[in-house]
Amino acid sequence: MYEIHKRDNVKETFHITDNDGRELTVESILDPGEALPSWNRAKNSIILAQTAGTKDTEAMGRAIVDTFAVFFGEEGTAKILDFYEDNYFDMMEDVFPYIQAILLPKLEAESAKRREAMIEIYRSSPRRRKL
């Protein structure tokens, strides 16, 4: 019997507390095939908003929300926004290091593993060996 195991997505959980004792736990479930292209688009929108300067804070806010939606989904992003009382810049300052240090490396590593697996499948295919 041939067994197939479905690959897991990247899963992480983080916990935020504030000085008033409020707490929030958010789970991140990332499919590398979807998350990396979405991350690239979100990163580009942040760069565009930064080049617009301080004039377009609305564009920067949207770019930050789009970035968080990639990593935490719509529901998680809404919870984080509520926790930070729509203060996009504090939210970005506090949570983005977690994205950079924890989520992105795991996402990129899983993506690289999947890419290598696909290359190996291609290399070992019977049609490929005949050529």
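Check the entry above for the structure.
What you are looking at is a predicted structure, and each value in this text was computed from that prediction instead of being measured. (Residues numbered from 1 in each chain as written. Predicted model: local features only at pLDDT ≥ 70, side-chain atom pairs only at ≥ 80, totals over all residues. Heavy atoms only, no water.)

Asker: Help me out: how do you make sense of the packing of helix α1 (residues 32-51) against helix α2 (residues 57-83) in this one?
Answerer: Two numbers describe a pair of packed helices, the interaxial angle and the distance between the axes. Viewed as axis vectors pointing N to C, α1 and α2 meet at an angle of 165 degrees, and their least axial separation amounts to 9 Å. Looking at the two axes, α1 sits roughly antiparallel to α2. Helix-helix and strand crossings are classified by hand; for α1 and α2 the assignment is left-handed. Here α1 contributes Ala35, Ser38, Trp39, Ala42, Ser45, Ile46, Ala49 and Gln50 to the contact with α2, which in turn contributes Ala59, Met60, Ala63, Asp66, Thr67, Val70 and Phe71. (Axes fitted to C-alpha atoms, helices over the stretch in contact; angles between N-to-C directions. Helix = DSSP H or I, 4+ residues; strand = E, 2+ residues; numbered from the N terminus. Parallel < 35°, antiparallel > 145°, perpendicular 65-115°, else oblique. Left-handed = near helix turned anticlockwise from the far one by under 90°. Contact = heavy atoms within 4.5 Å.)

Asker: Is there a simple way to think about the side chain of Thr67 in this case?
Answerer: The topology assignment puts Thr67 in helix α2. With relative accessibility at 0%, the residue Thr67 sits in the buried group. Within the structure, the side chain of Thr67 is placed 2.9 Å from the backbone oxygen of Ala63, a separation counted as a polar contact. The residues contacting Thr67, other than those within four sequence positions of it, are Trp39, Ala42, Ile46 and Phe96. (Buried < 20%, exposed > 50% of the residue type's maximum accessible area, 1.4 Å probe, protein only. Polar contact = N/O pair within 3.5 Å; in protein donor to acceptor, adjacent residues only side chain to side chain.)

Asker: How should the pattern of salt bridges be read in this particular structure?
Answerer: Think of it this way: side chains of opposite charge can pair up when their charged atoms draw near. Summed over all chains, the structure comprises seven salt bridges. Residue Glu12 is joined to Lys106 by a salt bridge in which the shortest nitrogen-to-oxygen separation is 2.2 Å. With Glu12 in strand β1 (residues 10-17) and Lys106 in helix α3 (residues 88-124), this pair connects stretches of sequence that are 94 residues apart. For Lys106, a relative accessible area of 37% translates into the label partly exposed. A salt bridge links Asp31 to Arg114, with the nearest nitrogen and oxygen atoms 3.4 Å apart. Separated by 83 residues along the polypeptide, Asp31 in the loop between β2 (23-30) and α1 and Arg114 in helix α3 bring together distant segments of the chain. Judged by relative accessible area, which is 26%, Asp31 ranks as partly exposed. (Salt bridge = Lys/Arg side-chain N within 4 Å of Asp/Glu carboxyl O.)

So yeah, pure geometry; function would need other evidence.
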